[in-house]
Amino acid sequence: MKDINTARTDFPILAREVNGKPLVYLDNAATMQKPQAVIDAVSRVYTDYNSNIHRGTHFLSNVCTGEFENAREKIQKFINARNSYEIIFTRGTTEAINLVANTFGDNFLSEDDEVIVSELEHHSNIVPWQLLRERKGIKLKVIPLNEDGELVLDEYYGMLNEKTRLVAVAHVSNALGTVNPVKEIIEAAHKMNAKVLIDGAQAVHHFPVDMRELDADFYVFSGHKLYGPTGIGVLYGKEELLNKMPPWHGGGEMIKNVTFEKTTYNELPFRFEAGTPDYAGAIGLGAAVDYLSSYSWEDIVGYEKELLDYATEKLSAIDGLKIYGTAEKKSGVVSFLVGKIHPYDMGVMLDKLGIAVRTGHHCAQPVMDRYGIPGTVRASFAIYNTKEEVDKLVDGIEKVKKIFG
Ligand code: PLP
């Protein structure tokens, strides 16, 4: 196993300067930087063996297909899914949720059936269900948050009934960092025969997730938040469910046979992968999974916890700074406001110091509404961040405070 304290040297972009200052990249919840191993893997596709996958009879196509399917197997092992064909490649979390809403949702849900989401969801896990509501007349219920940014589970248990068909919640909140008790959420839903989709976009890179242990029906995530390339993501679905779901997009690869009278569909996973997939992205994602797996989870979780605890302590000590999201279980994110300083102004001033944070509603407007604020400043962490960078953030905030009086 590699030493987690050396991870930083694997990420070439971290050596650059921004506005004449060494880059302090604290916008990891938006997207992660890429290690050289991932950059090389994608580059190798185009320099060594680029060719469209499947159906090819020639050498390059066979190599490329092998690498693509190999990546699927790496991801299967990474999340401990039972079968590699339960891993469907999508463009990302958003597309994966839309796929489930349009196939499972359109075919198995009807008027007055209920879908439960939560108040801390990313818009990607709200809007597809609202679109489904417009198409099918389903009801959408929302698990509320308490002041700490935790789901009020008693309210959730009270919402479940025989009309509940699907529960769709985030594993980790991108706006607050709350880690939700998804195992309990899944167990309670299953007792009512409801299915569960977990949005793991902010989870899979922070701690191990295990499909067999969690028993989620669907689990989705994005490659670019997992140290991998953009444009690639994953829908995990249980075999028996995926097999019952009709295809979503039509085109190449998802068919078995096409005539003008009738088209029959391919088996899993190809049935849901219409058109040429982002094979370079998938292969890069396989390399990202290999990269992350070169560290022990114990080290990753321990290092990131130490960093988050340090950041929380240092930021809390700043006069006038208020942290939003104080859940007992958190991962990767500190969201805050400083006095009356607008988050946008804070973000722009910190950028002048080379510090990249994200400001605004973080695509989670209902969370901001819950606290009656327009947005926050969000610092989010990865294995390559350091306590020195947290100190620079704290110094930067103090400087901005002085400028704004
Ligand atoms: N869900 C959560 C919790 C997220 O944090 C994000 C991205 O920030 C998404 C969904 C959407 O991911 P993508 O834009 O990669 O589809």
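Residues numbered from 1 in each chain as written. Predicted model: local features only at pLDDT ≥ 70, side-chain atom pairs only at ≥ 80, totals over all residues. Heavy atoms only, no water.

(A) Spotlight on the pattern of salt bridges. One pass over the full model with this rule turns up 19 salt bridges. Taking the shortest distance from any N to any O, the salt bridge between E389 and R8 comes out at 3.1 Å. Note that E389 is positioned in helix α13 (residues 387-403) and R8 in the segment before β1 (17-18), a separation of 381 residues in sequence. When its relative accessible area of 4% is taken as the criterion, E389 is described as buried. One salt bridge in this structure joins D27 and R358, with 2.8 Å as the shortest N-O distance. Note that D27 is positioned in the loop between β3 (24-25) and α1 (36-49) and R358 in strand β16 (residues 358-360), a separation of 331 residues in sequence. The exposure class assigned to R358 is partly exposed, which follows from its relative accessible area of 39%. Members of the salt-bridge network, linked through shared partners, are D27, R358 and R378. (Salt bridge = Lys/Arg side-chain N within 4 Å of Asp/Glu carboxyl O. Helix = DSSP H or I, 4+ residues; strand = E, 2+ residues; numbered from the N terminus. Buried < 20%, exposed > 50% of the residue type's maximum accessible area, 1.4 Å probe, protein only.)

(B) Quick peek at the site of the ligand. Around the ligand sit T93, T94, H122, S124, N174, D199, A201, Q202, S222, H224 and K225, and that is every residue in its neighbourhood. Between the ligand and T93, the relevant distance is 3.4 Å, taken from an oxygen atom to a main-chain nitrogen or oxygen of the residue. In the environment of the ligand, an oxygen atom lies 2.5 Å from a nitrogen or oxygen atom belonging to the side chain of T94. Protein burial of the ligand: of its 390 Å² of free accessible surface, 85% is covered by the chains. Residue classes in the shell around the ligand are distributed as one nonpolar, eight polar and two charged. (Near = heavy atom within 4 Å. Polar contact = N/O pair within 3.5 Å; in protein donor to acceptor, adjacent residues only side chain to side chain. Areas by Shrake-Rupley, 256 points an atom, 1.4 Å probe, with all protein chains shown as cover. Nonpolar A, V, L, I, M, F, W, Y, C, P; charged D, E, K, R; others polar.)

(C) Highlighting the sheet that holds strand β17 (residues 376-380). Spatially, the four strands line up as an open sheet ordered β13-β14-β17-β16, and their pairing is antiparallel. The outermost strands of the open sheet, each flanked by one partner alone, are β13 (321-324) and β16. Averaged over all neighbouring strand pairs, the angle between strand axes comes to 30°, with direction disregarded. Sheet analysis places β16 next to β17, joined by three bridges and oriented antiparallel. Bridge assignment links T359 to a residue of β17, and that residue is V377. (Pairing = 2+ DSSP bridges. Axes fitted to C-alpha atoms, helices over the stretch in contact; angles between N-to-C directions.)

(D) The arrangement of the domain arrangement of the protein chain in detail. Considered domain by domain, the protein chain is made up of domain 1 (39-293) and domain 2 (296-403). Tallying the contact residues gives 29 residues for domain 1 and 30 residues for domain 2. Between domain 1 and domain 2, roughly 2500 Å² of surface is buried when both sides are summed, and carbon and sulfur atoms account for 56% of that area. In terms of surface lost to domain 2, no three residues of domain 1 exceed H123, L176 and H206, which account for 25% of the buried area on that side. At the boundary of domain 1 with domain 2, the tally comes to one salt bridge. Across the pair E147 and R370 runs a salt bridge, and its minimum N-O distance is 3.1 Å. Remark: the boundary between domain 1 and domain 2 carries 18 residue pairs in polar contact (both at pLDDT 80 or more). For the side of domain 1 that touches domain 2, the class distribution of residues is 14 nonpolar, ten polar and five charged. (Domains from an automatic or database assignment. Contact = heavy atoms within 4.5 Å. Buried area = accessible area lost by both parts, 1.4 Å probe.)

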